[in-house]
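So you can see what is in the structure, the chains are spelled out below.
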Amino acid sequence: MTTKTDARAVGIGRTGVPDLDDVAGHWVGADEIAHLPSLRNQQGQAHVNHDLTSLSWLAAPPFTFGYHTGELYLDGHVPAAQRFLWKPWGVLREHRRHDGLLLTSDTRMALSRDLLLWRIEISNESGEARSVELAQDLFAMAAHSEVGYGWLYDGPWNHGMHHDFMALERIRATTGGGEPHYLLSPAPRRLRLGKPRVPGIQRDEDHGPMLLDDALPAHVSHDKEPEPRAGVAGAVRGLRVAGADGEVILRAADEPIALTPDGETTLAPFVLSPGLTIEFELRLDTAGRSGTVLTHGNHPDSLQIGVDDGRLWLGITGERESTDTELPVGDWQHVRVDVEADRVVLRLAGSEIARTRHWTESRRWASRIEDGTVAFADSRSPAHAVYAFAGPPGELQTEGAGGRARWSRLIEPGGSVTIGVACAYGTDADAVSAQARAAAEDFEATTHAGEEGWRRLWAGMFTPGNPDFSGHLPTFTTEDPGLARTYYMGALQALYLRNIRIRPGEPVFLTGGPRLGPTTTYFWDHCEWSRLYALLEPAGLRSWLLRVLAGPYRDSFGVENLGGGPLGNAYSSTDYALFRLIEHYVCVSGDFALLGETTGGTTVLGHLERLGLGWRERRSPATGGVLADFGADPWQLLECVPTYTGVVASFNGAYVASTRSLAGLYRRLGRDEDADRAEAEAGQLADALTDLYAGSGRWQILRPDGTDSIGHCLDFGLVAVALHGELPDGIRREMADFVTGRLLVGGWMRALSPDDPIAAASDRPDHGAAGAFAAWPGVTAHGLARLGYRDRAIALLRDLSSAASGGLWGQAMEIVTGADGRYRARVAERGTATRDNIAGAAGAEAVLSALFDINPTFATGGGAPALLPATLSVEGVGTLTQLGPVA
């Protein structure tokens, strides 16, 4: 296996915009990566799995697919992918068999179409003819919905639509010959009686570690009525949990435990394991009630028992099995649950009344053969899907919700066989069938058209007056291939996460995915590439800003772009993020008229002041009364650093910068008294912030109950930008040395110093000590340059492409030890980390800001920023051409 870059890419950047093939990924071995590649097509997203053909997490709103699309069998076995090659138009997967057969699959989401394409090639590299039997499972559990697209977006399951991250990930893990059983979570969870908690990806303990593995609030959209969550009125007694060997794991007190619709009784944690039994007696006190009786944990995939209109039901791992058994009121009934690796059985008075089914036995979707195609229909929505074939199968069959196509081929030595499969989806059954058939009949041209479409978009990004973007990016010419790759890969990151369907007429750049958020934009992630955004898509950014400012942005971390509503909890970063986006848009475009437009009940200027001066309402006498106090909720700051609350250096530094920028804007507007006040206040903030310096590159945290110090890259990045002009030389040097000595590692960095006292409780590869978020190297490089260490910034930016795991950068980049014993970084897969993240464009942003000093602000020139020059050169770095002015 190899991760070496193609030799063609060595000279990248010397002649301007490189070929897209030289920017996109390279072959990586399955043993080298953790997070498998994604697919996108400007309107949807999906994940490839461990086998050669299946896809999961397919979402192209208003369409979503459940489970996965089916595996490829060779001679009765499912080959696992041994290597992967990501390109923006598709993913190649490869398996080389010991007898000389080479299988290569090319999986694509056709550009801007509701169409999936698979090209499967089997080559015979041996000296003997080979007979092969191929079989492709066909599943299309597609659903159509206009609502429910939060960060935890609704996906289709047998009994409805909801997000079950952990269940679907366990199903994905069965592909490619993985563990065949997916039903049981391996995590210990508490047994709870009564009302279930709000679903999400939640910690089982309120004060447990804030890990990506099991900690994410219910970031769901507000356009769908939530499922009622209540307990029942009654009681449970004689509760007993026993293992396969009969040993009692949990026994509750003999006396009855009361159940109420709003109450909860929490018992000890344990792991669900094959052979385990849960039994108890249940008494209902009210007829016709619906609610939960028992739940193992508080996750969507948890084992649950409840009643619906007085009838028992059993739920686990995304599914729910209902019964016709109505319990009489006032009588004690013996309930037993038998847990096995591949099924859970619910018994009442010793008789089986419900049993879970394998996901392939779905009763929601139906499949049928239609003139050489396989068609699917959803019984709960108007979604349809059709598979058609280039290279007709020798046999087609359907069973329940799925189908299978079979081919028998003889391949001569040195020969190969190619098969094409197309799957179209939509709401018009005839149109879907026609699209699938047309794609299969002209398969090679269809696949080629998508690739050429991506190349056209790529060229357009750097072309003034192009038809696809309202602006363009500058061309970067350099003799440094590392810097070139960082810049052009960052540009591709933005293009890859672009979506042109969810907001007609307004291109949207999504934050991440594919396992989360097919319509979501986080404010904070967006601001990490705000210069590029303002250059590339000024009209789209303007529209997005007006839409965001009309909503309750202070109470959310982002927006759900399809429904248009707010999303998630409040983030302390929101003031900084939205201020910077407005500032960079106006200063890059020269569109000062935006400030006078009204949205959300006030002018954009009014919003800008609220954001930039937000520290005024955040001060607390308990923490000094000068700097902003961001409160006690760690979910509002870094999510995984429990001590990072109260007064922190990072966003107070951002307030210093925004207050000074506003002073410059006030000068431009003739509001000199406001300008004088803002300048004086910024100085007071800066003095108080400097007093937080704890030495050796670390910063203090102030809380009402005491102080801590921390060594985090966010403090470094934002303080360096805000105070670079006034920090003493010694502090600037210590800050830079802290970054290079404690954080930078493996061509990437750690967000938190590994020797920090809180590091053990912050084992996350985005904001903790295990790695760093996609934006942090760019932010850090910008800070190093502002402190006067441009050479260190160049060295950092030069290495970033090595961490992209054969594709682009993900949300969380974890530091691991390679086979050679050296540190390296890769895109993290564990927990809820996303494969793609728009903040990876921060590396390209830092090329502009750190190396070319493109730092637009209202504070420059009395609030009247100079237009960007058409060409800008920096010795030892390179040249930007077609930079400005922006119309």
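In this report, we go over the structure that sits alongside the text.

Conventions adopted
Residues numbered from 1 in each chain as written. Predicted model: local features only at pLDDT ≥ 70, side-chain atom pairs only at ≥ 80, totals over all residues. Heavy atoms only, no water. Helix = DSSP H or I, 4+ residues; strand = E, 2+ residues; numbered from the N terminus. Buried < 20%, exposed > 50% of the residue type's maximum accessible area, 1.4 Å probe, protein only. Contact = heavy atoms within 4.5 Å. Lys, Arg positive; Asp, Glu negative; His and termini not counted. Charge placed at Lys NZ, Arg CZ, Asp CG, Glu CD. 1 Å grid on protein atoms, 1.4 Å probe; cavity = no way out; pocket = protein on both sides within 12 Å on 5 of 7 lines; lining within 4 Å. Points joined across faces, edges and corners; volume = space filled by probe spheres on them. Nonpolar A, V, L, I, M, F, W, Y, C, P; charged D, E, K, R; others polar. Phe/Tyr/Trp six-rings, centres within 6.5 Å; stacked < 30°, edge-to-face > 60°. Pairing = 2+ DSSP bridges. Axes fitted to C-alpha atoms, helices over the stretch in contact; angles between N-to-C directions. Expected span 1.5 Å × (residues − 1). Arc of directions from axis to C-beta. Parallel < 35°, antiparallel > 145°, perpendicular 65-115°, else oblique. Left-handed = near helix turned anticlockwise from the far one by under 90°. Disulfide = S-S within 2.5 Å. Polar contact = N/O pair within 3.5 Å; in protein donor to acceptor, adjacent residues only side chain to side chain.

Before going further, it helps to spend a moment on the overall build of the chain. Helix and strand content of the chain: 17 helices and 53 strands. Based on the C-alpha atoms only, the size of the chain along its principal axes is roughly 80 × 75 × 55 Å. Residues counted as buried form 63% of the 887 residues belonging to the chain. Long-range pairs, those at least 24 residues apart, make up 68% of the contacts in the chain between residues at least 6 apart in sequence. Positive and negative side-chain charges of the chain, numbering 80 and 112 respectively, have mean locations separated by a distance of 1 Å.

So, on to empty space enclosed by the protein. Enumeration over the complete set of coordinates arrives at eight cavities of 30 Å³ or more. If you add up the space inside the largest cavity, you get close to 260 Å³. Lining of the largest cavity is provided by 21 residues; of these, Tyr522, Tyr571, Glu639, His767 and Gln811 occupy positions nearest its centre. Of the voids in this model, the second largest cavity is the one considered here, and its volume is about 90 Å³. Lining of the second largest cavity is provided by 13 residues; of these, Trp57, Gly155, Pro156, Trp157 and Leu168 occupy positions nearest its centre. Considering each element in turn, the lining of the second largest cavity owes the most residues, three residues, to strand β13 (residues 155-157). Residues belonging to the lining of the second largest cavity are distributed by class as follows: seven nonpolar, four polar and two charged.

Enumeration according to the criterion identifies 36 aromatic pairs in this entry. On the basis of an interplanar angle of 25° and a centroid distance of 6.0 Å, the ring pair of Trp118 and Tyr387 is categorised as stacked. Linking Trp118 in strand β10 (residues 115-124) with Tyr387 in strand β30 (residues 384-390), this pair joins segments that are 269 residues apart in sequence. Of the two residues examined, Trp118 and Tyr387, each falls in the buried class. Ring geometry for Tyr693 against Trp699: centres 5.0 Å apart, planes inclined by 70°, an arrangement best described as edge-to-face. With respect to class, Tyr693 is no different from Trp699; both count as buried.

The next point concerns unusual backbone geometry. The amide bond that connects Pro61 to the next residue, Pro62, takes the cis arrangement and shows omega of 20°. Following Gly513, the chain continues to Pro514 via a peptide bond in cis, the omega torsion being 5°. Along the chain, Pro514 falls in the loop between β37 (512-513) and β38 (520-522). In the Ramachandran plot, Ser112 falls in the positive-phi region, its phi being about 55° despite a non-glycine side chain. A positive phi angle, near 55°, is found at Asp309, a position not held by glycine. Tracing the sequence through the fold places Asp309 in the loop between β22 (303-308) and β23 (311-316).

Spatially, the nine strands line up as an open sheet ordered β1-β7-β8-β9-β10-β33-β30-β29-β28, and their pairing is antiparallel. Strands with a single pairing partner mark the edges of an open sheet, and in this sheet they are β1 (28-29) and β28 (365-370). Summarising the sheet, strand β9 (residues 101-109) and β10 pair through nine bridges and their orientation is antiparallel. By the bridge assignment for β10, Leu101 is matched with Asn124. Contacting β10, β28, β29 (373-378), β30 and β33 (416-426), helix α3 (residues 429-441) crosses the sheet at an angle of about 20° to β30.

Turning to the sheet that holds strand β40 (residues 566-567), a few remarks are in order. Paired through their backbone hydrogen bonds, the strands of a sheet run either parallel or antiparallel. One open sheet accounts for three strands, arranged β38-β39-β40; its pairing is antiparallel. Either end of the sheet is taken by a strand with one partner, and the two such strands are β38 and β40.

This part covers helix α12 (residues 672-690). Structurally, the α-helix is built with 3.6 residues per turn, so residues lying three or four positions apart point the same way. For α12, built from 19 residues, the straight-helix expectation of 27 Å at 1.5 Å per residue is met to within 8% by its first-to-last C-alpha distance of 27 Å. Among all positions of α12, only Ala675, Ala678, Glu681, Ala682, Leu685, Ala686, Ala688 and Leu689 are buried. The arc enclosing the buried residues of α12, seen along the axis, measures out at 160°, which places them on a common side. For α12, exposure combined with an orientation more than 90 degrees from the buried face picks out Glu673, Gln684 and Asp687. Packing partners of the buried residues in α12 comprise α11 (649-668), β43 (693-695), β44 (698-703) and α13 (713-723).

Bringing the pairing of strand β50 (residues 823-827) into the picture now. Two strands pair when backbone bridges link them, and strand β49 (residues 812-817) and β50 are joined in this way by five bridges, in the antiparallel orientation. Each bridged residue has a counterpart across the sheet, and for Ile815 the counterpart in β50 is Ala825. The hairpin turn running from β49 into β50, its antiparallel successor, is five residues long, and Gly821 in that turn takes a positive phi close to 85°.

Of the two faces of strand β53 (residues 878-881), only one is covered, namely that formed by Gly878 and Leu880; the face formed by Thr879 and Thr881 stays uncovered. For strand β34 (residues 475-477) and β53, the ladder comprises three bridges, and the chain directions are antiparallel. Across the sheet, Thr477 pairs through a bridge with Thr879, a residue of β53. Sheet topology note: the strand β52 (residues 871-874)/β53 ladder contains four bridges and is antiparallel. Opposite Leu872, over in β53, you have Leu880 as the bridge partner. The hairpin formed by β52 and β53 contains three residues between the paired strands, and Gly876 there has a positive phi angle of roughly 80°.

This brings us to the packing of helix α9 (residues 574-589) against helix α10 (residues 604-612). Two measures define how a pair of helices packs: the angle their axes make with one another and the distance between the axes. α10 packs onto α9 with a crossing angle of 140° between their chain directions and a minimal axis gap of 8 Å. Of the possible angle classes, the one that applies to α9 and α10 is oblique. Seen from above, α9 lies across α10 with left-handed handedness. Two secondary-structure elements touch here, α9 through Thr574, Asp575, Leu578, Phe579 and Ile582 and α10 through Val604, Leu608, Arg610, Leu611 and Gly612. A breakdown of the residues in the contact of α9 with α10 according to their chemical character gives six nonpolar, two polar and two charged.

Right, let's talk about the state of the cysteines for a bit. This model, assessed by the stated rule, comprises zero disulfides. The closest cysteine sulfur to the non-disulfide-bonded Cys587 is located on Cys527, 15 Å from its own sulfur.

A word on the side chain of Asn499. Looking at where Asn499 falls in the secondary structure, it is placed in strand β35 (residues 498-499). What makes Asn499 buried here is its relative accessible area of 2%. A polar side-chain atom of Asn499 sits 3.0 Å from the main-chain amide nitrogen of Ile502. Among all residues touching Asn499, those that are not within four sequence positions of it are Gln42, Gln43, Gly44, Glu506, Pro507, Val508, Leu510 and Pro518.

Structurally, Asp114 is set in the loop between β9 and β10. The class of Asp114 is buried, set by a relative accessible area of 13%. A polar side-chain atom of Asp114 sits 3.0 Å from a polar atom in the side chain of Gln43. For Asp114, the contacting residues outside a window of four places in its chain are Gln43, Ala60, Phe63, Cys423, Ala424, Tyr425, Gln435 and Arg501.

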